[in-house]
Amino acid sequence: MRKILIAGLLVLFSLSGCLKAIPVDQEGPYTIDHTGEVPQGRYDVNTHPYYGVGYIFDLDDSPEFEGLDVYVVHNEMELALLMAIHIDMLAYDFYYVEDRALDYDKADLYLNALLVNEVDIEAGQVDVPEENPTASYYTYTFTYEFDRTQTVENTIDEWTYDLKSSNYSDHEKAEYVLMTMLEAVVYDDAALNDEAREDDAFTALGVFNDGQAVCNGYSQAYMGLLKDLDVPSIMVGSDKDDHAWNMVYVDSQWSYVDSTWEDDTYATSDYWYYFLIDRQTLEKDHHCDSGWGDTLDGNDYAAFADYVFPQTKSAQ
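Note that the structure is predicted; figures quoted are calculated from it, not measured. (Residues numbered from 1 in each chain as written. Predicted model: local features only at pLDDT ≥ 70, side-chain atom pairs only at ≥ 80, totals over all residues. Heavy atoms only, no water.)

A. Structural view of the layout of surface pockets. The space that makes up the largest pocket amounts to roughly 1000 Å³. What lines the largest pocket is a set of 39 residues, and nearest its centre among them are Asn 112, Phe 202, Asn 216, Gln 220 and Met 235. Going through the elements one at a time, helix H2 (104–112), strand E5 (119–128), helix H6 (215–228), strand E9 (233–238), strand E10 (243–250) and helix H7 (259–262) are the ones with two or more residues in the lining of the largest pocket. Among the residues making up the lining of the largest pocket, the classes are represented as 19 nonpolar, nine polar and 11 charged. (1 Å grid on protein atoms, 1.4 Å probe; cavity = no way out; pocket = protein on both sides within 12 Å on 5 of 7 lines; lining within 4 Å. Points joined across faces, edges and corners; volume = space filled by probe spheres on them. Helix = DSSP H or I, 4+ residues; strand = E, 2+ residues; numbered from the N terminus. Nonpolar A, V, L, I, M, F, W, Y, C, P; charged D, E, K, R; others polar.)

Structural data, given as C-alpha cells:
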C-alpha cells in the first residue's frame, strides 16, 4: 500500500504533547435487542464518549449497598471495560460483585488492551457491615502517575491538534499520526535487556518523552493518538511472539497496524507493509496466543474490540 502524503500536514511535529438501552435478557447481558427500552431495575447509563457508548451497566440494588454504586459484572470483558472507563475518568475506586466466577488473568489482559497510561491497581474486598456482615463487594483502588500521564497527554494533544478541526477521514488521521510517531521515535534495543520490563521504553512515555521505545510502547502510544482522534483502537499482545500491535477501525472495518515493524522500513520505502492490513495478511508473520489458560487468541481480541466499540458492530 503506497503511503498517502496528506496535503497541508507534511511538516511533522517534533516532540513536545440520550438514552440508548443495551440489550439485556435473563440468560446473559447484551444478547437481545431492546433498543429504546429501559429494563426494570437499577442501572447506570454509560455516557463515556469513547468506550462502550450507550451501554447500560447493571447496579446491585441490595439494601446493604444503599448509597454506593456497586456494579454487577457478568464477564471478563465487562469488568475490563468498566475499569477502563473509571480509570479514564480518574476515579479512585470501583466497586462490584460477580454475576459468576471470573477469570481475572484474562480480565487483566483485556484491560491492558485499552490502557494508554500507567496506573497502579490494588484489589480488595469489603464486608457490609464490618461486624456480622450480610453482604460483600469487591473493590479496585487506582493510583495514578500524574506527572508521567501529563507528559503523554500533552504530547498527544500537540500531535493531534490540527487534525481535530480538520475534515480528514479516520483513515487519513490514522496514517498521519503514524507518520508523526515514526518520525519521532527509534527502537530501543537496549531496553530488551530489562527483564523486569520497568524501562520507560515499554510505555507510551518512552515514545512521547524519550523518543525511544519497544513494541509495547509503540502500540500504547499509537492507541493514545487514535483515541484522542476518536478512532477506535485496542492493543493486541502476544506471548508467543513476545510482541504487541494494534487493531484499528477505519473504512468500516477492523484492520491491523504494527507500528514497530513498520518503523524498520518507513524511512526508506514508499510503501506501507503493516498499516491497515487484514487478519489473513497479519497472520503470515504474526502469531496470537492460543486462548487457552491465561491467554487471549485473535478471536478474543476481535470480540473485545467489537464489544468496547459497539458502533463498529452496527456499521458492519
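B. Region of the structure containing the sheet that holds E10. Taken together, the three strands give an open sheet; going across it, the order is E9-E10-E11, and neighbouring strands pair in antiparallel fashion. Since the sheet does not close on itself, it has two edges, and those belong to E9 and strand E11 (253–257), each with one partner. The average undirected angle you get between the axes of adjacent strands in this sheet is 30 degrees. Lying over the sheet, H6 contacts E9, E10 and E11, oriented at roughly 20 degrees with respect to E10. (Pairing = 2+ DSSP bridges. Axes fitted to C-alpha atoms, helices over the stretch in contact; angles between N-to-C directions. Contact = heavy atoms within 4.5 Å.)

C. Molecular detail of H2. Of the positions making up H2, those classed as buried are Lys 106, Ala 107, Tyr 110 and Leu 111. The arc that holds the buried residues of H2, viewed along the axis, is 145 degrees, so those residues lie on one side. Taken together, the buried residues of H2 touch helix H1 (76–88), E5 and helix H9 (298–308). The residue sitting at the N-terminus of H2 and contributing the capping side-chain oxygen is Asp 103; that oxygen lies 3.2 Å from the backbone nitrogen of Asp 105. (Buried < 20%, exposed > 50% of the residue type's maximum accessible area, 1.4 Å probe, protein only. Arc of directions from axis to C-beta. Polar contact = N/O pair within 3.5 Å; in protein donor to acceptor, adjacent residues only side chain to side chain.)

D. Examining unusual backbone geometry more closely. With omega at -15 degrees, the peptide bond leading from Val 128 into Pro 129 counts as cis. If you trace the backbone, Pro 129 turns up in the loop between E5 and strand E6 (135–144). In this model, Leu 90 sits at a positive phi of 60 degrees, which is unusual for a non-glycine residue. Here Leu 90 is to be found in the loop between H1 and strand E4 (93–98). On the basis of relative accessible area, Leu 90 is assigned to the partly exposed category, the value being 44%.

E. Layout of the packing of aromatic side chains. On inspection of all chains with the given rule, the structure shows 22 aromatic pairs. Measuring from centroid to centroid gives 5.7 Å for Tyr 96 and Tyr 140, while their planes differ by 10 degrees, and the two rings are stacked. Of this pair, Tyr 96 sits in strand E4 while Tyr 140 sits in strand E6; the two residues are 44 residues apart in sequence, bridging distant segments of the chain. Connected via pairs of aromatic rings, a cluster forms that spans Tyr 55, Phe 57, Tyr 71, Phe 94, Tyr 96, Tyr 138, Tyr 140 and Tyr 307. (Phe/Tyr/Trp six-rings, centres within 6.5 Å; stacked < 30°, edge-to-face > 60°.)

F. Geometry of the sheet that holds E5. Taken together, four strands build an open sheet; the order of strands is E3-E4-E6-E5 and the sheet is mixed. The two strands at the open ends of the sheet, each matched to only one other strand, are strand E3 (70–73) and E5. In this sheet, adjacent strand axes meet at a mean angle of 35 degrees when their direction is disregarded. Contacts between H1 and the sheet are confined to E3, E4, E5 and E6, with E6 contributing the most and set at about 50 degrees to the helix.

G. Spatial organisation of the pattern of salt bridges. On inspection of all chains with the given rule, the structure shows nine salt bridges. Salt-bridge contacts for Arg 42 lead to Asp 69; the nearest nitrogen and oxygen are separated by 3.2 Å. Here Asp 69 lies in the loop between strand E2 (56–58) and E3 and Arg 42 lies in the segment before strand E1 (43–45), a separation of 27 residues in the sequence. Exposure remark for Arg 42: the relative accessible area of 27% places this residue in the partly exposed category. Notably, a salt bridge pairs Asp 228 with Lys 164, separated by 2.8 Å at the nearest N-O pair. Taken together, the residues Asp 228 in helix H6 and Lys 164 in helix H3 (residues 146–164) connect sequence positions 64 residues apart. Within the structure, one salt-bridge network assembled from shared partners comprises Glu 118, Arg 148 and Asp 200. (Salt bridge = Lys/Arg side-chain N within 4 Å of Asp/Glu carboxyl O.)

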